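Here are the chains, one letter per residue:
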Amino acid sequence: MTMLKSFTNEPQTDDVTAALLNDGGVIIERLVEEAVIDKVSEELRPHFDEQGHRFQNDFNGYKTLRLGGILGLSTTSAELIAHPDVMNIADAMLLPHCENYRIGSCTAIEIHPGEKAQTLHRDDDFYPIPIPGVEFQISAMWALDDFTMENGATRVVTKTHPENSMEEMNSADVEQAVMPKGSVLFYLGSTVHGGGANRSEAPRKGLINTYSLGWLRQEENHYLTIPREVAAAYPEHVRRLMGYQSHGAYLGVYPGDPDGNWFDS
Ligand SMILES: O=C(O)CCC(=O)C(=O)O
């Protein structure tokens, strides 16, 4: 059981964002068909096996496989990354503070049996200057397997207050995002969270996508991570999410900018 609010049956964006702002995290259950999830998992599998170990360290763990640059590895992942309901939540949360937003990072994470719980952390902390009342990003964590208490469902410190120090966090407020495969957990950039320990016998696979305000530097440099021709083959709304768009008339302009912000377009 999780105390995080879980919606089913096409919830209203307002209800989801209200729960997200109130609790720091919220789940929409079974937002996509299992077939889509299975296709993403199938596309990622060889990459997990070949290079998933490269990201192992004290923070990510040594029994966890990870992958970045997901749009370069799995074209089906765009169905999750640019899912219309995710875009609605991101619009509501981020557009009050920017003209457009983009992917911060896309990371696939497979936590293997025996992995310990990840250190709790706050994603917004890598931006050096906080702005009270402004979330720099939101995250959408897709369950590519069922997420259970035993297999390492993401831990979320509910009602995290951005001004609280990590030491002030109460372990009683840590909830696990238990959810069936195909569900998505949203949490705020200010929400303290981390991967859970895997005490089960099978791996737990998830895909976390962050969306950050358009005037911030992206966590993962998509122009250099996703091969140019792969990026070009995606539809415009996905290319824009990768960062192929300027923010207003002055930030990140380039020849071919889809809004015509380059001086000679
Ligand atoms: O795997 C998870 O459930 C969360 C991972 C996470 O928060 C991170 O790696 O930053």
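Up top is the structure these notes are about.
Now for a look at the structure at hand. Along every chain, residues carry numbers that run from 1 in the direction the sequence is written. Where local features are concerned, this predicted model is filtered to residues with pLDDT of at least 70; where side-chain atom pairs are given and counted, the filter is 80 or more; whole-chain, interface and lining totals use all residues. Here the side-chain values reflect all heavy atoms present in the structure, with hydrogen atoms and water set aside.

### Quick look at the pattern of salt bridges
So, point 1. Salt bridges, as used here, are contacts in which a Lys or Arg side-chain nitrogen is within 4 Å of a carboxyl oxygen on Asp or Glu. Counted according to the given criterion, the structure contains 9 salt bridges.
So, point 2. Notably, a salt bridge pairs arginine 45 with glutamate 110, separated by 2.8 Å at the nearest N-O pair. Placement of the pair is arginine 45 in helix H2 (residues 34-51) and glutamate 110 in strand E4 (residues 101-111), with a sequence separation of 65 residues.
So, point 3. Summary of the burial criterion: residues with accessible area below 20% of their type's maximum are buried, those above 50% are exposed, and those between are partly exposed, where the area comes from a 1.4 Å probe applied to protein chains only. Accessibility expressed as a relative area gives 27% for arginine 45, which makes it partly exposed.
So, point 4. Among the ionic pairs, aspartate 259 bridges to arginine 240, the shortest N-O distance being 2.9 Å. Here the residue aspartate 259 occupies a position in the segment after helix H7 (236-242), and arginine 240 occupies one in helix H7, the gap between them amounting to 19 residues.
So, point 5. What emerges from the salt-bridge pattern is a single network uniting Glu34, Asp38 and Lys181. Here a helix means four or more residues in a row that DSSP labels H or I, a strand means two or more in a row labelled E, and each is numbered from the N terminus.

### Some words on the sheet that holds E4
So, point 1. The strand order across the open sheet formed by 7 strands is E1-E2-E9-E6-E11-E4-E3, and the pairing between neighbours is mixed. One side of each edge strand has no neighbouring strand; the edge strands of this open sheet are strand E1 (6-7) and strand E3 (64-67).
So, point 2. For two strands to count as paired, DSSP must find a minimum of two bridges between them. Here E4 pairs with strand E11 (residues 204-213) via 9 bridges, running antiparallel. Residue pairing across strands places alanine 108 opposite leucine 207, the latter belonging to E11.
So, point 3. Docked against the sheet, helix H1 (residues 13-23) engages E1, strand E2 (25-28) and strand E9 (184-188), running at close to 145° with respect to E2.
So, point 4. On top of the sheet, helix H4 (residues 84-94) reaches E4, strand E6 (137-143), E9 and E11; it is set at about 160° to E6, its chief contact. Contacts: residue pairs with any heavy atoms within 4.5 Å of one another. Every axis corresponds to a line fitted to the C-alpha atoms, with the helix fit spanning only the stretch in contact, and the corresponding angles, defined between N-to-C directions, vary from 0 to 180 degrees.

### Quick notes on the sheet that holds strand E10 (residues 192-194)
Sheet strands pair via backbone hydrogen bonds, and the direction of the pair is either parallel or antiparallel.
So, point 1. Pairing is antiparallel across the open sheet formed by 4 strands, whose spatial order is E5-E10-E7-E8. With one partner strand each, in any of the chains shown, strand E5 (121-122) and strand E8 (174-176) form the two edges of the open sheet.

### Overview of the packing of H1 against H4
So, point 1. Here H1 crosses H4 at 60°, and the two axes come no closer than 10 Å. The angle between H1 and H4 falls in the class oblique. The chirality of how H1 crosses H4 is right-handed. Along the contact surface, H1 presents Thr13, Val16, Thr17, Leu20 and Leu21, while H4 presents Asn88, Ile89, Ala92 and Met93.
So, point 2. Class assignment for the residues of the contact of H1 with H4 results in 6 nonpolar, 3 polar and no charged. Angular relationships are summarised with four words: roughly parallel below 35 degrees, roughly antiparallel beyond 145, roughly perpendicular across 65 to 115, and oblique for the angles in between. Whether a crossing is left-handed or right-handed is set by the direction in which the near helix is turned from the far one by less than a right angle, anticlockwise for left-handed and clockwise for right-handed. Side-chain classes follow a simple rule in which Ala, Val, Leu, Ile, Met, Phe, Trp, Tyr, Cys and Pro form the nonpolar group, Asp, Glu, Lys and Arg form the charged group, and the remainder, Gly included, forms the polar group.

### What to know about H1
Each α-helix winds once per 3.6 residues, and so residues spaced three or four apart point in a common direction.
So, point 1. Turning to H1, its buried residues are Val16, Thr17, Ala19, Leu20 and Asp23. For H1, the angular spread of the buried residues around the axis is 160°, confining them to a single face. Away from its buried face by more than 90 degrees, H1 exposes Asp14, Leu21 and Asn22.
So, point 2. Looking one or two residues beyond H1, the residue adopting positive phi is glycine 24, at roughly 90°. By arc we mean the arc of the directions from the helix axis to the C-beta atoms, nothing more.

### Re the site of the ligand
So, point 1. Residues are counted as near a molecule or strand when any one of their heavy atoms sits within 4 Å of it. Neighbouring the ligand are the residues Arg66, Ile109, Ile111, Gln118, His121, Met141, Thr154, His193, Gly194, Gly195, Arg204 and Ile208.
So, point 2. Here histidine 193 contributes a side-chain N or O atom positioned 3.0 Å from an oxygen atom of the ligand.
So, point 3. The method behind every accessible area is Shrake-Rupley, applied with a 1.4 Å probe, and residues are considered shielded solely by the protein chains displayed. For the ligand, the protein covers 93% of the area, taking 290 Å² as the surface of the free molecule.
So, point 4. When its residues are assigned to classes, the shell around the ligand shows 4 nonpolar, 6 polar and 2 charged. Within 3.5 Å is the distance limit for a polar contact, defined as a pair of N or O atoms, with the added protein rule that one can donate a hydrogen and the other accept it, and that residues adjacent in sequence qualify only through two side-chain atoms.

### Describing the side chain of aspartate 257
So, point 1. As for its placement among the helices and strands, aspartate 257 is situated in the segment after H7.
So, point 2. Only 2.8 Å separates the side chain of aspartate 257 from the backbone nitrogen of serine 246, close enough to count as a polar contact.
So, point 3. The residues contacting aspartate 257, other than those within four sequence positions of it, are Gln245, Ser246 and Trp262.

### Things to note about the environment of glycine 72
So, point 1. Within the secondary structure, glycine 72 is located in the loop between E3 and helix H3 (78-81).
So, point 2. The partly exposed category is assigned to glycine 72, whose relative accessible area is 31%.
So, point 3. In sequence terms glycine 72 and valine 230 are 158 residues apart; their C-alpha atoms lie 6.5 Å from each other.
So, point 4. Those residues in contact with glycine 72 that lie beyond four places of it in its chain are Ile226 and Val230.

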